[in-house]
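# Examining the three-dimensional arrangement
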Amino acid sequence: MTVWDDLVGQDRVREQLAAAAKDADALVTAVSDGKPLEQGSKMTHAWLFTGPPGSGRSTAARAFAAALQCTSPDRALGGEPGCGFCDGCHTSLIGTHADVQVIRTDLLSIGVKETRDLVRRAQLSPAVGRWQVIVMEDADRLTEGAGNVLLKAVEEPAPRTVWMLCAPSLEDVLPTIRSRCRHLTLGTPSVEAVADVLIRRDGVDPERAHSAARATQGHIGRARRLATDERARARRAAVLKVPLRIADVGGCLKAAQELIDTATDDAKQMAEEVDVKETEDLKAALGGVAGGRMPRGTAGAMKELEDKQKRRKTRTQRDSLDLALTELTGFYRDVLALQLGSRIAIANVDVQDSLDRIVESSTPAQTLRRIEAVIACRRAMDRNVAPLLAVEAMTMSLRAG
């Protein structure tokens with residue numbers, strides 16, 4: 001099993017990264033630190049991975065990072081870096097390699113302070129590996145100030161440092177940064193490819209794997225969760241009942257409140273899993289005693305942690321709501337396809353009866369307006385409109401059609 005095996009349905013990207021890793025290996029092996037890259041080399045110091053949600057942007061970046069750190073002896077015999085078995089590959093993939101830093105945020109944005117810490121790390125030489133690699137999974141969440149801090153590091157990189165930025169699209173990254181990166185675009189994997197990886201890697205029942213892959217339209221992460229998490233399936237089933245529950249104003253308001261409550265419960269569950277451990281670990285680090293008062297001067301650190309946990313809870317709630325809205329969009333997309341007699345595959349075949357009822361009771365024009373209402377709700381939440389107000393406005397628009 002090579003490091004590329006989890007890169008589903010991205011053959012072209014895989015070929016480009018494998019070629020770059022081979023050039024990078026030859027460069028480190030043949031030349032001393034600080035020598036410029038040879039002309040024609042497929043390796044460079046900054047990469048930008050873009051693609052729709054679920055396409056595997058961060059998976060591609062982590063696989064590339066592992067290939068750069070590969071220490072397999074087969075490389076000397078002409079084998080490609082990225083064996084998947086050596087210590088360099090293994091530790092890179094599981095997140096314990098000393099020279100591979102993976103940045104993902106549970107918050108709404110990545111600020112200047114965190115970015116400055118990364119830039120300082122990027123100036124260091126590799127400690128045990130062949131390259132110093134920094135993978136930023138949420139480059140689209142950089143604030144403007146943080147982006148400007150990062151720009152300097154990308155413009156003048158250390159000789160053996162590689163930046164890997166992941167974002168949904170080019171427009172989500174500052175033009176000055178993206179112009180200094182080599183750009184790779186990933187597409188949405190096919191339903192068959194996603195089902196295959198669920199069966200092969202996660203041991204999911206074939207029928208359930210195909211159902212999850214079809215329902216999520218090629219989103220690998222969502223498909224895995226839907227196939228393996230009963231709670232996720234129950235939440236999706238509740239969301240897909242919304243179009244049938246908005247016959248009157250009361251139904252609209254009740255459906256909106258239930259969507260908000262579900263998102264809040266998701267955020268609360270995550271908080272219970274993470275916040276308690278974080279708080280206890282910080283108290284221990286600051287010299288606190290279980291059940292006793294904290295030492296003087298530690299209130300600021302505790303307050304900073306509480307603020308971080310609150311921001312993470314807000315993002316979790318918004319992400320859960322956004323997923324529900326994505327599923328609603330998919331439902332009405334299926335309705336529109338049936339109304340227009342399209343031959344495209346239906347994603348939500350498990351709720352065919354509900355689709356048929358909406359198809360018979362509405363027109364294509366109404367369905368388009370409903371899709372626009374869901375999109376408008378997502379935009380409103382991006383502008384920090386109160387979630388309940390945004391969702392109530394959406395459900396009322398769905399009822400009006």
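Above this text you will find the structure in question.
This report concerns the structure included in the present document. Keep in mind that this is a model prediction, so the values were computed, not measured.

### Observations concerning helix H4 (residues 112-122)
All of the buried residues along H4 are Thr115, Leu118, Val119 and Ala122. Each buried residue of H4 lies within a common arc of 100° when the element is viewed along its axis, so the set occupies one face. Structural note: H4 exposes Lys113 and Arg120 on the side pointing more than 90 degrees away from its buried face.

### Examining the nonpolar core
Counting 35 residues, the largest nonpolar core has Trp4, Leu17, Trp47, Phe49, Phe64, Leu68 and Met164 as its most contacted members. Mapped onto this core, the elements with two or more residues apiece are helix H1 (11-30), strand S1 (46-50), helix H2 (57-68), strand S3 (132-136) and strand S4 (161-167). In contact with Trp4, other than residues within four places in its own chain, are Arg14, Leu17, Ala18, Ala63, Phe64, Ala67 and Pro81. Counting 33 residues, the second largest nonpolar core, distinct from the first, contains Ile246, Ala255, Ile260 and Ala390.

### Observations regarding the pattern of salt bridges
The tally for this structure, following the rule as stated, stands at 16 salt bridges. Between Asp25 and Arg130 there is a salt bridge, and its shortest N-O distance comes to 2.8 Å. Residue Asp25 is located in helix H1, and its partner Arg130 is located in the loop between H4 and S3; the two are separated by 105 residues in the primary sequence. As far as the burial class goes, Asp25 and Arg130 line up, both buried. Note that Asp322 and Arg378 form a salt bridge whose closest N and O atoms lie 2.8 Å from each other. Of this pair, Asp322 sits in helix H12 (residues 299-340) while Arg378 sits in helix H14 (residues 364-382); the two residues are 56 residues apart in sequence, bridging distant segments of the chain.

### Here's the deal with the sheet that holds strand S5 (residues 182-185)
Across the sheet, which stays open at both edges, the five strands sit in the order S2-S3-S4-S1-S5 with parallel pairing between neighbours. Each edge of the open sheet carries a strand with a single partner, namely strand S2 (100-103) and S5. Within the sheet, the average angular offset between the axes of one strand and its neighbour, ignoring direction, is 15°. Summarising the sheet, S3 and S4 pair through five bridges and their orientation is parallel. Directly across from Gln132, in S4, lies its bridge partner Thr161.

Conventions adopted
Residues numbered from 1 in each chain as written. Predicted model: local features only at pLDDT ≥ 70, side-chain atom pairs only at ≥ 80, totals over all residues. Heavy atoms only, no water. Buried < 20%, exposed > 50% of the residue type's maximum accessible area, 1.4 Å probe, protein only. Helix = DSSP H or I, 4+ residues; strand = E, 2+ residues; numbered from the N terminus. Arc of directions from axis to C-beta. Core = buried A, V, L, I, M, F, W, Y, C linked by side-chain atoms within 4.5 Å. Contact = heavy atoms within 4.5 Å. Salt bridge = Lys/Arg side-chain N within 4 Å of Asp/Glu carboxyl O. Pairing = 2+ DSSP bridges. Axes fitted to C-alpha atoms, helices over the stretch in contact; angles between N-to-C directions.

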